[in-house]
Amino acid sequence: MIHIIRVENRLDSIDWSKLRPFRWVPIALAAVYVIGVWIQIIHRPQGDFRIHFELGSRLAGGHFIYNDNLDFVYPPFWALVHAPLHFLSLHAAQIIVYPLAPAAIALLIEILRRLTEQSLPLSPDASFWSTTLAILLGSLCLGRDLPEVGVNTALVAMSWLSVYFWSKERDITGGVVLGMAAAMKCTPLLFVAWFILKRQWKIAATACAAFVLFTLSPILVSGPSQYVRMMDTWISGVVRGLSDPDPSHGPLGEEKVENLSLRPALARYLMHLPYGHGGRPETSDNPSVPNDPPSPYYCQFLNLPASQAGIVVRFLMGSLFLWMIWLMRHKPVDRGSIETVRECAAVSLLILLFSPITWVQHAVGVLPALYLICRSTFAGFSLSRWQTAAMGFFTLFCLIMSRFFFGRDFIKLVNSYRVKTLGFILLLSVVLSCMPRAKHE
């Protein structure tokens, strides 16, 4: 069954050139927002950049980077990437590096445009407005990544740059880029798995080799003994968190409301979380001492023991993973086909769901899927009713439902029901439902 059909006299029949005089409006609004965040950074450092800077400074200074229990979820190569900034102060480094954030967004958009322009041709004006819509739908995640100087957007862009190089039969270059991204954070390894599934051995082998070399590279700065200690701390911490039979606990301890990955979302509905747990809306800086009394609007569902809930979570996540393998099992006939873009957009969403930790700033991985859906719609492929409803749900809970409009307490309550994670799943379902058409074409 084909879920997306070609419809004439809709968006593809609009004369977008008539809106050309108004293009300055979204451009000006975006510029004001980006500059506004920059001004906030100039006033004082923002976001988690201080953690990244501290890791790099410790590595450059010959210190153990995970001292004082500093965030061990970042591998040593992440510290090496930020080590050159140690010549500057924290504040100066964030101010100077910040322009990389909008540059990463622009790079990702350009890559997506090049990958889709042949299969989904649009006029320059229609392309502009479809891109604007996609950025708007993903603005909550993109805006949250700006204070992080766009590192998460850059990782997504690097993963997609490897896909672009592969589509141009530049497997070695693409593999090196992908291997570097995976060494910075392990989540891009899912793209390596996708290349292996597609029997693209050259880029997969290159990516694996590059991943190993980049992962080993901090040894040149830290020395062998310090490097071994860093890797042991990082690996043991991550493994300890992932192997916990209680799915409401992760690498950083109790899974917080802000973690949007699939594992804690499933645990939320399979277990009763005690008052003061990080997954409940009444948490404070110290979850064991909540600020507020139990919320009367926080409902519990199933009450499985932690071990049984863990088994169910592993079964459901494993089933989803195997289903994705089955859907994407075919070897690509054309590297530049729209089916490749659809599958890679699905991989970007799977990274968000399967990653142990997915904060809002990590969710910039939704942008490729949003770009594909918006461009397809502007090219004349109309969404079905359920797809329209799914996109409406995503827009409501992943864009409109923000602290700016509704306040911190209400959003914590809404997020405790894991609605953003459900939004990712619905977005994935819309992307996957496009695949039958690609195979039909």
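Please read all numbers here as calculations on a predicted model, not as lab measurements. (Residues numbered from 1 in each chain as written. Predicted model: local features only at pLDDT ≥ 70, side-chain atom pairs only at ≥ 80, totals over all residues. Heavy atoms only, no water.)

### Comments concerning the overall build of the protein
Part 1 of the reasoning: Regarding its fold elements, the protein presents 22 helices and four strands.
Part 2 of the reasoning: Taking 441 residues into account, the globule formula puts the C-alpha radius of gyration at 22 Å, and the protein, at 22 Å, falls close to it.
Part 3 of the reasoning: For the protein, the spread of C-alpha atoms along the principal axes amounts to about 60 × 55 × 45 Å.
Part 4 of the reasoning: For the protein, buried positions account for 53% of its 441 residues.
Part 5 of the reasoning: In the protein, the proportion of contacts linking residues at least 24 apart, taken out of those at least 6 apart, comes to 76%.
Part 6 of the reasoning: Roughly 20,100 Å² of accessible area belongs to the protein as shown, and the carbon and sulfur atoms make up 67% of that amount.
Part 7 of the reasoning: Between the mean site of the 37 positive side-chain charges and the mean site of the 28 negative ones, the protein shows a separation of 4 Å. (Helix = DSSP H or I, 4+ residues; strand = E, 2+ residues; numbered from the N terminus. Rg over C-alpha atoms; globule rule 2.2 N^0.38 Å. Buried < 20%, exposed > 50% of the residue type's maximum accessible area, 1.4 Å probe, protein only. Contact = heavy atoms within 4.5 Å. Areas by Shrake-Rupley, 256 points an atom, 1.4 Å probe, with all protein chains shown as cover. Lys, Arg positive; Asp, Glu negative; His and termini not counted. Charge placed at Lys NZ, Arg CZ, Asp CG, Glu CD.)

### Here's the deal with the nonpolar core
Part 1 of the reasoning: The biggest cluster of nonpolar side chains holds 117 residues, and the ones touching the most others in it are Leu 55, Trp 160, Val 366, Phe 424 and Leu 427.
Part 2 of the reasoning: Contacts of Leu 427, omitting those with residues within four sequence positions, involve Leu 349, Val 366, Ala 369, Leu 370, Ile 373, Met 391 and Phe 394. (Core = buried A, V, L, I, M, F, W, Y, C linked by side-chain atoms within 4.5 Å.)

### Digging into helix H9 (residues 171–184)
Part 1 of the reasoning: With 14 residues, H9 ought to run about 20 Å at 1.5 Å a step, and its terminal C-alpha atoms sit 20 Å apart, in line with that.
Part 2 of the reasoning: Counting buried residues along H9, ten of its 14 residues qualify, which places the element largely inside the surrounding structure.
Part 3 of the reasoning: Within the span of H9, buried status applies to Asp 171, Gly 174, Gly 175, Val 177, Leu 178, Gly 179, Ala 181, Ala 182, Ala 183 and Met 184. (Expected span 1.5 Å × (residues − 1).)

### What to know about helix H16 (residues 338–354)
Part 1 of the reasoning: Compared with the 24 Å implied by 1.5 Å per residue over 17 residues, the 24 Å span of H16 between its first and last C-alpha is a close match.
Part 2 of the reasoning: Of all 17 residues in H16, 16 are buried, a share of seventy percent or more.

### Comments concerning the packing of aromatic side chains
Part 1 of the reasoning: Taken as a whole, this structure holds 17 aromatic pairs when the rule is applied.
Part 2 of the reasoning: Arranged with centres 5.4 Å apart and planes meeting at 45°, the rings of Phe 77 and Phe 214 form a pair that is tilted. Of this pair, Phe 77 sits in helix H3 (residues 76–82) while Phe 214 is found in helix H11 (residues 201–216), placing the two residues 137 residues apart along the sequence.
Part 3 of the reasoning: For Phe 77, a relative accessible area of 5% gives the class buried.
Part 4 of the reasoning: Taken together, the ring pairs connect Trp 166, Trp 194 and Phe 195 into an aromatic cluster.
Part 5 of the reasoning: Lys 185 extends its terminal NZ or CZ atom over the ring of Trp 78, reaching a point 5.1 Å from the ring centre. (Phe/Tyr/Trp six-rings, centres within 6.5 Å; stacked < 30°, edge-to-face > 60°. Lys NZ or Arg CZ within 6 Å of the ring centre and 35° of its normal.)

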